[in-house]
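# Tertiary structure, described
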Amino acid sequence: MDERLGLAGLAAGQASDVGPSHLPQKVSPGWVDVLATVPLFAGLSRRHLTKIAGLASSKRYAAGSTLVKSGVPGESVFVILDGRAIVRAGARRIPLGAGDFFGEMSLLDGEPRSATVAAQTEVLVMMIPRRKFLKLLEKEPRIAIAVMSTLSRRVRALQAAASL
Ligand code: CMP
């Protein structure tokens, strides 16, 4: 989904916000243009997007590194701003790109991470901590609906794969 969204280009223009280190950085208001193109946040006003940017931090991961590990408790939800990652769930491999999110399952049910997500290329992510994300879902039904529709699509994909 990355090319259609044009997120990679926008993210590249914002790269200086992230800084040279790979430690989490604050997401500056300059990221609002990027967030406006993320389907999870579709239809939200710039004011809301600025608020969301304020809740989040950004982090760069090197290609090949692990973003979340199966079986480990989850503390954040991730939105990919640039780069490609892969979900390893059992034998399944699900590619993710800019605009996709992951890590919502642990936050919603409190269980450990259901899968490992690894960086295929260098990846830039935005991370929203659990409590802030849950508050956001309570306040913004559109985001909650976007999360539910993605979960529903993922269940359908699993059903389709199971019936092959
Ligand atoms: P979580 O369980 O918190 O951490 C691993 C994440 O991988 C999970 O949330 C989902 O975001 C993602 N994930 C797990 N299984 C699938 C799947 N079958 N399809 C797409 N994404 C998945």
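So, a few notes on the structure that sits alongside this text. (Residues numbered from 1 in each chain as written. Predicted model: local features only at pLDDT ≥ 70, side-chain atom pairs only at ≥ 80, totals over all residues. Heavy atoms only, no water.)

## Regarding the overall build of the protein chain
What counts here: Per the convention used, a helix needs a DSSP run of H or I reaching at least four residues, while a strand needs a run of E reaching at least two, with both numbered from the N terminus. Buried residues are those whose accessible area, probed at 1.4 Å on protein chains only, stays under 20% of the maximum for their type, while exposed residues exceed 50% and partly exposed ones sit between those limits. The contact rule is simple, with two residues in contact once any of their heavy atoms fall within 4.5 Å. Residue-level accessible areas treat just the shown protein chains as cover; the underlying method is Shrake-Rupley with a 1.4 Å probe.
On a plain count of helices and strands, the protein chain comes out with eight helices and nine strands. Buried residues in the protein chain amount to 41% of all 164 residues. A separation threshold of at least 6 residues defines the contact pool for the protein chain, and within that pool the share at least 24 residues apart is 76%. When the accessible surface of the protein chain is split by element, carbon and sulfur atoms take 57% of a total near 8,600 Å².

## Topic: the site of the ligand
Worth spelling out the cut-off: Whether a residue is near a molecule or strand is decided by its heavy atoms; if any one of them lies within 4 Å of it, the residue is near. As used in this structure description, the phrase polar contact means that two N or O atoms lie within 3.5 Å; if the pair is within protein, one of them must be able to donate a hydrogen and the other to accept it, and residues adjacent in sequence are counted only when both atoms belong to side chains. Cavity and pocket criteria rest on a 1 Å grid covering protein atoms alone: a 1.4 Å probe that fits but cannot get out defines a cavity, protein on both sides within 12 Å along at least 5 of 7 lines defines an open pocket, and an atom within 4 Å of a point defines a lining residue. For this analysis, a molecule is said to be in a pocket or cavity if more than half of its atoms are within 2 Å of the grid points defining it.
Within the structure, the ligand sits among 14 residues, and Gly103, Glu104, Ser106, Arg113 and Ser114 are positioned closest to it. A distance of 2.8 Å separates an oxygen atom of the ligand from a polar backbone atom of Gly103. Between Ser114 and the ligand, the recorded distance is 2.7 Å, taken from a side-chain N or O atom to an oxygen atom. Notes on the ligand: free accessible area 460 Å², of which the protein chains cover 95%. When atoms are counted within 2 Å of each cavity's grid points, the one that captures over half of the ligand is the largest pocket.

## Let's talk about the environment of Arg92
Inspection of the secondary structure assignment puts Arg92 in strand β6 (residues 92-96). A residue is classified by how much of its surface remains accessible, and Arg92, at 27% relative accessible area, is partly exposed. On a C-alpha basis, the gap between Arg92 and Leu158 in space is 9.1 Å, while along the polypeptide they are 66 residues apart. The residues touching Arg92, leaving out its near neighbours within four places in the chain, are Val87, Ala157, Leu158 and Ala161.

## Remarks on the packing of helix α7 (residues 130-139) against helix α8 (residues 141-162)
When two helices pack together, their arrangement is captured by the angle between the axes and the distance separating the axes. Here is the rule we go by: Think of each axis as a best-fit line through the C-alpha atoms, taken over the contacting stretch in the case of a helix, with angles from 0 to 180 degrees between the N-to-C directions. Put simply, angles under 35 degrees are roughly parallel, angles over 145 are roughly antiparallel, angles from 65 to 115 are roughly perpendicular, and the rest are oblique.
Taken N-terminus to C-terminus, the directions of α7 and α8 make an angle of 110°; their axes are 5 Å apart at the nearest point. As far as their axial angle goes, α8 and α7 are roughly perpendicular. On α8, the residues touching Phe133, Leu136, Leu137 and Lys139 of α7 are Pro141, Ile143, Ala144 and Val147.

## Brief notes about the environment of Glu140
Counting through the fold element by element, Glu140 comes out in the loop between α7 and α8. Judged by relative accessible area, which is 12%, Glu140 ranks as buried. With residues near it in sequence (within four places) discarded, Glu140 still touches Leu44 and His48.

## Focus on the pairing of β6
Rules: Each pair of strands is called paired provided DSSP finds at least two bridges between the two strands.
Here strand β5 (residues 85-89) runs beside β6; their pairing, made up of five bridges, is antiparallel. Note on β6: the bridge partner recorded for Val87 is Ile94. In this structure, the hairpin formed by β5 and β6 is closed by a connection of two residues, where Gly90 is found at a positive phi of approximately 60°.

## Things to note about α7
The criterion, for reference: The directions considered for the arc run from the helix axis to the C-beta atoms.
Taken together, the buried positions of α7 are Phe133, Leu136 and Leu137. Down the axis, α7 shows its buried residues gathered within 100° of arc, on one side only. In α7, the exposed positions angled more than 90 degrees off the buried face are occupied by Arg131, Lys135, Glu138 and Lys139. Looking at the packing, one finds that the buried side of α7 touches α5 (46-55), β4 (76-82), α6 (104-109), β9 (123-129) and α8.

## Quick look at a positive patch on the surface
Under the convention used in this document: Two distance rules govern patches: like charges are joined within 9 Å, and nonpolar side chains (Val, Leu, Ile, Met, Phe, Trp, Tyr) within 5 Å, applied only to residues with over 30% relative accessible area and no salt bridge. One speaks of a salt bridge when a side-chain nitrogen belonging to Lys or Arg is within 4 Å of a carboxyl oxygen belonging to Asp or Glu. When charges are counted, Lys and Arg contribute as positive and Asp and Glu as negative, whereas His and the chain ends are disregarded. The location of each charge is read from NZ of Lys, CZ of Arg, CG of Asp or CD of Glu.
Positive charge collects at one region of the surface, where Arg47, Lys51, Arg131, Lys135 and Lys139 lie side by side. The set of elements that each furnish at least two residues to the positive patch consists of α5 and α7. Broken down by element, the residue count for the positive patch peaks at three residues, all from α7. By secondary structure assignment, the location of Lys139 is in helix α7. For Lys139, a relative accessible area of 64% gives the class exposed.

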